[in-house]
Structure formats: C-alpha cells, structure tokens
Amino acid sequence: MARSGPGYPVDMDLSLLDDFLASRGEPAYRGAQVWEWTARGAAGYEAMTNLPARLRETLAAEVPFSTFVVETQRESRDGTVKTLFRTHDGHPVEAVLMRYRDGRRSLCLSSQSGCPLTCTFCATGAMAFGRNLTPWEILDQALHFRRVEAVDHAVFMGMGEPMLNLDNVLAAARRLPDLGITHRRTTISTVGWLPGLTRFVDEVEEPIRLALSLHAPTDELRSRIMPVNERYPLEDVLAECRRHYELRGRKVFVEYVMLAGVNDSRDDARRLARLLDRKVFKVNLIPYNPTGMYDRSSRGAIAAFKSVLDAARVPATVRLTRGRDIEAACGQLATAPRGRLDRLPQPVAVTQGVDRG
Ligand code: SAH
C-alpha cells in the first residue's frame, strides 16, 4: 500500500508499520502495541500512552492512521449507521453498523469496491466494479466503528463477493477477534462462487460461519436473477455446502431474498424445502429492500412461504430489516450506479404484491 519510495509514506498496514518501526530502530514489540491500541478503538497514535511520546509524534506525522477518508456518514431512525469511505486511490466503500435492541452490535463489511457480479436485485451489482480491498482496508471499516463503540458481530454482506477476494477477507477476519468479534460471530456470505467456496471448505478451520445467497429453488429461476448461476449451478454449490457440513460440522445459512411474484410462491417454498437438507441448512428469508426493479413480497407472502418451510421442518427465520431509510439495508450499498438498464441479463417483469410496510 506504499504510495511512494521504499514504503514512505505508508498507511497503517500492519506489516508496513512493522517495517517502518524496524527502519527506525524500534524494538519488535512496538507493532503489536500499536495494533493492540488500534483494535481496542484508540482514536489515534496520541492515545497510545505506552509508546514514547516522540514515536507517537513521528507516527502521527508519517503513517496515516487510516487508509480511508470518511466521505459521508448517515444514521437511521433505528440507530443503524452507514459510512461511505473513499480509498486512497478514489474507490468508494460502504460499511454499516447495526444496533439491535438486545445490545448486539453487528458490522456489515465490504470485501470489494463495487462487485463484478450482476445479481439483478442488488444495487451494488449495478455500480461499476472497482477492485478487491486489501486486508487492511477491510479491517479499517471495522476499526472505524470500533472507535465509536464496542462491536461483537460481523457479516461480510456489504459490497462485493468475498469468495473473489478470499485471502484478503480471511486475513481481515482472522484479526476481528482482537476487536471483540469472535469467529463464531463472523459470517462470510457468498453467491456460491465455487473456486472460493471450495477453498473456504478445505482451508478454513476457524469456526467462521458460511452463508449462501441462494434466492431461487431452480436453476432456471436462479440464472434469471443471478447470472453467476450459469457458471456455477445450484446443485454444485449446494453439494459444496453439504461438504462443508460434513467436514466441519457447521450449518450453512441460506439467504433467500423475497421478490414479489418472482420467487415467493408456495410452490417455490416447496421446491426449496425439497432442496435443503434440514440438518445442513438454515434459511434466512430476507424482505427485499427495493433498489429499482422488483417489488418486495407482502408480509403475508413471506409468512406463507415460511409456513411451508416450517411444515417441512426446514429451519427458517425472517431477517429484521435495518437502516432502510438511509439506504443501508441489504443490497442497498451502492454509489455511482452505472445504469441498471444497460446490464440486465434478460427482462424480468414483476409488478404485483407491493407492501412497503
Ligand atoms: N456477494 C455476497 C455478499 C453480499 S451479501 C452475497 O451475495 O452473498 C448481501 C446479501 O444481501 C446477499 O444475500 C444478497 O443477495 C442480499 N441482497 C442483495 N440485494 C438485496 C436487496 N435489495 N434487498 C435485500 N437483500 C438483498
């Protein structure tokens, strides 16, 4: 992340920070001290009181504490906070802090600026893809909110497809426990990008949770709303999820966004129930947050869908929507849209069952 010369100036990337400290003849434990303060929410180097004052000044002058500029921040009526960051090379990145009544504080983190996949219901999929985020840029989103308050959950459900940037996502996820977010409270969500998913299953021994954005019970429908399905069809992706369960003994969360008249009929629910072994999968029904081209399913349709899954004894819950008034809800993270109509795979007409409640 160095912008010029042999590492100067550097952002507060840990390995670069270690190099910087070493080049100044500082003892090896300084980097760990800086990280410890940072992970606990220190506002800047000046707060790191077990560092010599001169070193704190040098760091403040020469090593930017964050890789990001905060461009805007909005707070929802329900306490949700959405922040738009800008990377040093100008890419937009959004992250969200969700506050729940039971005290949970959950972060929704981005793995990429924009997303190269083009799921038809997702606002991020309609904006231009920027690039993969570095581990430090991913961590920096979490640190930003950690400076505001204690946090205990994280979901990689912001911008981007984590399995397309798996090494960096894992590098960041592996440091989250230092911020107070354990692996069991960290979830990586994927469209089912098989190469990354396979690596995740084979390589990730930590109990980081896996979520699959399924959204349709047949290849025909799934390909229509998620073009990635053409490349990695349903059965292959589900087989990989079953392997995850066999190998790791951990369930896979299935995300299913409820689109009125598209994927929310009782027949769809029956097909879904047939597809999902109840010991492996837990379904999370997501009320659609309108981003342009679909309508959200009515509450009645969602309840009916859930009751079919209940009857088949497939575990299912309905996701609580947070932050919709500030476009911070699922699928609403997007800046600089590149024009949805230019990139639709095929027309999908949907107009019924609107319930904006
Ligand atoms: N690319 C990964 C990570 C993004 S997660 C993935 O797709 O899993 C974002 C989650 O929100 C996904 O389940 C996605 O399908 C869902 N989502 C996208 N747009 C949405 C919208 N407008 N309303 C509700 N959920 C949406």
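Residues numbered from 1 in each chain as written. Predicted model: local features only at pLDDT ≥ 70, side-chain atom pairs only at ≥ 80, totals over all residues. Heavy atoms only, no water.

### Focus on the overall build of the protein
Broken down by element type, the protein carries 11 helices and 12 strands. Its C-alpha atoms give the protein a radius of gyration of 21 Å, near enough to 21 Å, the size a compact globule of 357 residues would have. Each of the 357 residues in the protein was classed as buried or not, and the buried ones make up 56%. Contacts in the protein between residues far apart in sequence, at least 24 positions, make up 69% of those at least 6 positions apart. When the accessible area of the protein is evaluated, it comes to approximately 14900 Å², of which 50% is carbon and sulfur surface. Across the protein, the mean location of the 49 positive side-chain charges is 6 Å away from that of the 44 negative side-chain charges. (Helix = DSSP H or I, 4+ residues; strand = E, 2+ residues; numbered from the N terminus. Rg over C-alpha atoms; globule rule 2.2 N^0.38 Å. Buried < 20%, exposed > 50% of the residue type's maximum accessible area, 1.4 Å probe, protein only. Contact = heavy atoms within 4.5 Å. Areas by Shrake-Rupley, 256 points an atom, 1.4 Å probe, with all protein chains shown as cover. Lys, Arg positive; Asp, Glu negative; His and termini not counted. Charge placed at Lys NZ, Arg CZ, Asp CG, Glu CD.)

### A word on the domain arrangement of the protein
Taken as a whole, the protein is organised into domain 1 (14-62) and domain 2 (69-351). With centres defined by C-alpha atoms, the gap from domain 1 to domain 2 works out at 35 Å. Domain 1 puts 8 residues into the contact, and the matching count from domain 2 is 8 residues. When domain 1 packs against domain 2, the two sides together hide about 720 Å² of surface, and 63% of this comes from carbon and sulfur. By the criterion of area lost to domain 2, the three top residues of domain 1 are Leu-14, Trp-35 and Ala-39, representing 61% of everything that side buries. Where domain 1 touches domain 2, the interface holds 0 salt bridges. Summed over the shared surface of domain 1 and domain 2, the number is 3 residue pairs in polar contact (both at pLDDT 80 or more). Counting residues per element, the side of domain 1 that touches domain 2 draws most heavily on helix H2 (residues 29-39), which supplies 3 residues. (Domains from an automatic or database assignment. Buried area = accessible area lost by both parts, 1.4 Å probe. Salt bridge = Lys/Arg side-chain N within 4 Å of Asp/Glu carboxyl O. Polar contact = N/O pair within 3.5 Å; in protein donor to acceptor, adjacent residues only side chain to side chain.)

### With respect to a positive patch on the surface
A surface patch of like charges, here positive, comprises Arg-184, Arg-209, Lys-251 and Lys-282. Tracing the chain through its elements places Lys-251 in the loop between helix H9 (234-248) and strand S10 (252-258). (Patch = residues over 30% accessible without salt bridge, like charges linked within 9 Å, V, L, I, M, F, W, Y side chains within 5 Å.)

### Points about the packing of helix H6 (residues 194-203) against H9
It is the contact of H6 with H9, at a shortest axis distance of 9 Å, that shows an interaxial angle of 10°. Comparing their axes, H9 and H6 come out roughly parallel. Residue-level contacts link Leu-194, Leu-197, Thr-198, Phe-200, Val-201, Asp-202 and Glu-203 of H6 to Asp-236, Val-237, Glu-240, Cys-241, Arg-243, His-244, Leu-247 and Arg-248 of H9. Looking at the contact of H6 with H9, its residues break down into 7 nonpolar, 2 polar and 6 charged. (Axes fitted to C-alpha atoms, helices over the stretch in contact; angles between N-to-C directions. Parallel < 35°, antiparallel > 145°, perpendicular 65-115°, else oblique. Nonpolar A, V, L, I, M, F, W, Y, C, P; charged D, E, K, R; others polar.)

### Details of helix H10 (residues 266-275)
Restricting attention to buried positions, one finds in H10 the residues Asp-268, Ala-269, Leu-272, Ala-273 and Leu-275. With its buried residues spanning 155° around the axis, H10 presents them on a single face. As for H10, its buried residues are in contact with H9, S10 and helix H11 (299-311). (Arc of directions from axis to C-beta.)

### Focus: the packing of aromatic side chains
Note on aromatic pairs: each is described by the distance of the centres and the angle between the planes. Taken as a whole, this structure holds 6 aromatic pairs when the rule is applied. Between Tyr-288 and Tyr-294, the aromatic rings sit 6.0 Å apart at their centres with planes inclined by 85°, giving edge-to-face as the arrangement. As far as the burial class goes, Tyr-288 and Tyr-294 line up, both buried. For Arg-104, the ring lying beneath its charged end belongs to Tyr-100, and the centroid distance is 4.2 Å. The positively charged end of Arg-322 is found above the aromatic ring belonging to Tyr-100, 4.9 Å away from the centroid. (Phe/Tyr/Trp six-rings, centres within 6.5 Å; stacked < 30°, edge-to-face > 60°. Lys NZ or Arg CZ within 6 Å of the ring centre and 35° of its normal.)

### What to know about the site of the ligand
Ser-189, Ser-213, His-215, Asn-289 and Gly-331 are the nearest of the 22 residues found near the ligand. A distance of 3.0 Å separates a nitrogen atom of the ligand from a polar atom in the backbone of Gly-160. In this structure, an oxygen atom belonging to the ligand sits 3.0 Å away from a side-chain N or O atom of Glu-255. Taking 530 Å² as the accessible area of the ligand by itself, protein coverage stands at 96%. When contributions to the shell around the ligand are tallied by element, the ones reaching two or more residues are strand S8 (186-190), S10 and strand S11 (281-287). (Near = heavy atom within 4 Å.)

### A few points about the pattern of salt bridges
Summed over all chains, the structure comprises 26 salt bridges. With a shortest N-O distance of 3.2 Å, Glu-26 and Arg-30 are connected by a salt bridge. Assessed through its relative accessible area of 10%, Arg-30 is described here as buried. A salt bridge links Asp-268 to Arg-271, with the nearest nitrogen and oxygen atoms 3.0 Å apart. With Asp-268 and Arg-271 both in helix H10 and 3 residues apart, the pair spans about one turn of that helix. Residue classification places Asp-268 among the buried positions, given a relative accessible area of 8%. Of the residues examined, Arg-271 reaches a relative accessible area of 33% and is grouped as partly exposed. Within the structure, one salt-bridge network assembled from shared partners comprises Glu-75, Arg-99, Arg-105 and Glu-149.

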